[in-house]
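Tertiary structure, described
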Amino acid sequence: MYLANTGRPDAPPRPAGARRRVPATVVALGAVSLVTDVSSEMVTAVLPLYLVLGLGLSPLQFGFLDGMFNGATALVRLLGGRLADRGGHHKRVAFAGYLLSALSRLGLLLAGGATAGIAASLAADRLGKGVRTAPRDALISLSGPPETLGRAFGVHRAMDTTGALLGPLAAFAVLWATADAYDAVFAVSFCTGLLGVLLLVLYVPSAAPAPPIRSTPLRRGALRDPAFRRILYAASLLGAATIGDSFLYLLIQRGLDLPPALFPLLPLGAATGYLVLAVPAGRIADRVGRRLPFLAGHLALLGAYAVLLLPVAWPTVAAVLALLGVFYASTDGVLMALAGPVLPAHRRAGGLAVLQTGQALARLLGAAGFGAAWTFWGQGPALWTAALALAAALAASWRILPAPAPVPAPAHDTPEAP
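We now turn to the structure provided with this report. (Residues numbered from 1 in each chain as written. Predicted model: local features only at pLDDT ≥ 70, side-chain atom pairs only at ≥ 80, totals over all residues. Heavy atoms only, no water.)

Here we come to the environment of Ala96. The topology assignment puts Ala96 in helix α3 (residues 90-111). Taking the C-alpha atoms as reference points, Ala96 and Val197, 101 residues apart in sequence, are found 9.1 Å from one another. (Helix = DSSP H or I, 4+ residues; strand = E, 2+ residues; numbered from the N terminus.)

Here the focus is the environment of Glu41. Summarising the element assignment, Glu41 is placed in helix α1 (residues 24-54). On the basis of relative accessibility, which here comes to 22%, the residue Glu41 falls in the partly exposed class. Once residues within four sequence positions are removed from consideration, Glu41 is found in contact with Ala164, Gly167 and Pro168. (Buried < 20%, exposed > 50% of the residue type's maximum accessible area, 1.4 Å probe, protein only. Contact = heavy atoms within 4.5 Å.)

Right, let's get into the pattern of salt bridges. With the rule as written, the count across this model stands at six salt bridges. Asp125 is the partner of Arg126 in a salt bridge, and the nearest nitrogen-oxygen pair spans 2.9 Å. Between Asp286 and Arg290 there is a salt bridge, with its nearest N and O atoms 2.5 Å apart. Of the residues examined, Arg290 reaches a relative accessible area of 1% and is grouped as buried. (Salt bridge = Lys/Arg side-chain N within 4 Å of Asp/Glu carboxyl O.)

To continue, consider helix α8 (residues 226-240). The terminal C-alpha atoms of α8, which comprises 15 residues, lie 21 Å apart, in line with the 21 Å expected from a rise of 1.5 Å per residue. What α8 keeps buried is the set Ala227, Phe228, Ile231, Leu232, Ala234, Ala235, Ser236, Leu238 and Gly239. (Expected span 1.5 Å × (residues − 1).)

This next bit is on the side chain of Ser236. Mapped onto the fold, Ser236 is located in helix α8. Only 2.9 Å separates the side chain of Ser236 from the backbone oxygen of Leu232, close enough to count as a polar contact. With residues up to four places along the chain from it excluded, the contact list for Ser236 reads Gly358, Gln359 and Ala362. (Polar contact = N/O pair within 3.5 Å; in protein donor to acceptor, adjacent residues only side chain to side chain.)

The residue Ser330 is located in helix α12 (residues 314-339) in this model. Among the polar contacts listed, one links the side chain of Ser330 to the backbone oxygen of Val326, at a separation of 2.9 Å.

Moving on, we come to the packing of helix α4 (residues 115-141) against helix α13 (residues 348-377). At their nearest, the axes of α4 and α13 sit 8 Å apart, and the two run at 120 degrees to each other. Judged by the inter-axis angle, α4 sits oblique to α13. Of the two elements, α4 crosses α13, and the hand of that crossing is right-handed. Here α4 contributes Thr133, Ala134, Pro135, Asp137, Ala138 and Ser141 to the contact with α13, which in turn contributes Arg348, Ala349, Leu352, Ala353 and Gln356. Among the residues forming the contact of α4 with α13, the class breakdown is six nonpolar, three polar and two charged. (Axes fitted to C-alpha atoms, helices over the stretch in contact; angles between N-to-C directions. Parallel < 35°, antiparallel > 145°, perpendicular 65-115°, else oblique. Left-handed = near helix turned anticlockwise from the far one by under 90°. Nonpolar A, V, L, I, M, F, W, Y, C, P; charged D, E, K, R; others polar.)

As far as function goes, none of this settles anything; it's purely spatial.
Spelled out as structure tokens, the structure:
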């Protein structure tokens, strides 16, 4: 199954005489994601303050709205992937998703504090994100040879994370300049989102037309491939043993008695590590195969759990944030690079959507299980349980994901190509 180099997700790259550049499509999509993430993270950074402090929603009401729409995003990905695969309309579907998210900022601006309008705007944002994710990743995976996909996804994720870092800074700059005018944040976010849509239209080429999907449903077709099923099972199993970053940050906050005003800075530390390591991790995955970096990333997450079992101090915080950065750099884009070549071009977006949805739903279950364990057993036993579950999932995934076969050495009587 993993005997050949070409088209296989975990095979080492072919010997190449020239160093390949990252395709222009990947750079263009990275720019779109960077600008779009600035727009979305501007809203994400101020939304809890706006809804809870500004409009008086309770934390339970805000959590319900946010959790419901985040859960819906995972399911909408299946629709986005299926639509994109019909005739190879990846760019069109991605455009619809990006535009819907941009218009959601305008919805927040026009809602005027009405809960129904805010809920509709949040739903539009999550739907747009769900629709665009699989077609965008399919465009990346179809833009270059399979042996360079790790680096391609690493470049994209690094640019995407740059936007995630700049967004909160831009939001607080606008609030500072306008004396806490939330409407100004929504207006700037809307304009920035439209810029991302414009970049997509002007600089991202459409994927080559693919054969239309016949009567066999996409999800069933993707799951027929044994290599894809193994990747899906491993990703879902590991996702179910992932407790979620928010819980880790909350454990840090409680251990240090960190002031609430400093709590939003914790994700920036992990995001910085992700930004720095995304491209190197992708290049390593292309060189040694994607299976090992993907599993090593989850081993880093297990290390973060283990560190939090120790007394929390500032060195502990630095270690946890660094390990989280390693985790995301070694798993997010690497998983897409691992799965993409397994799927045929005309089913690429839908197959990736199945994988992303399975992983997201598994993580949702894992976070809910950890929350319940924390509530009933306390944070120490809950964290021990999570660490043991992740260790077991790693051991099982090592067996589920087969190691790549070594590349055959050239025959002795055959001269090596220059």
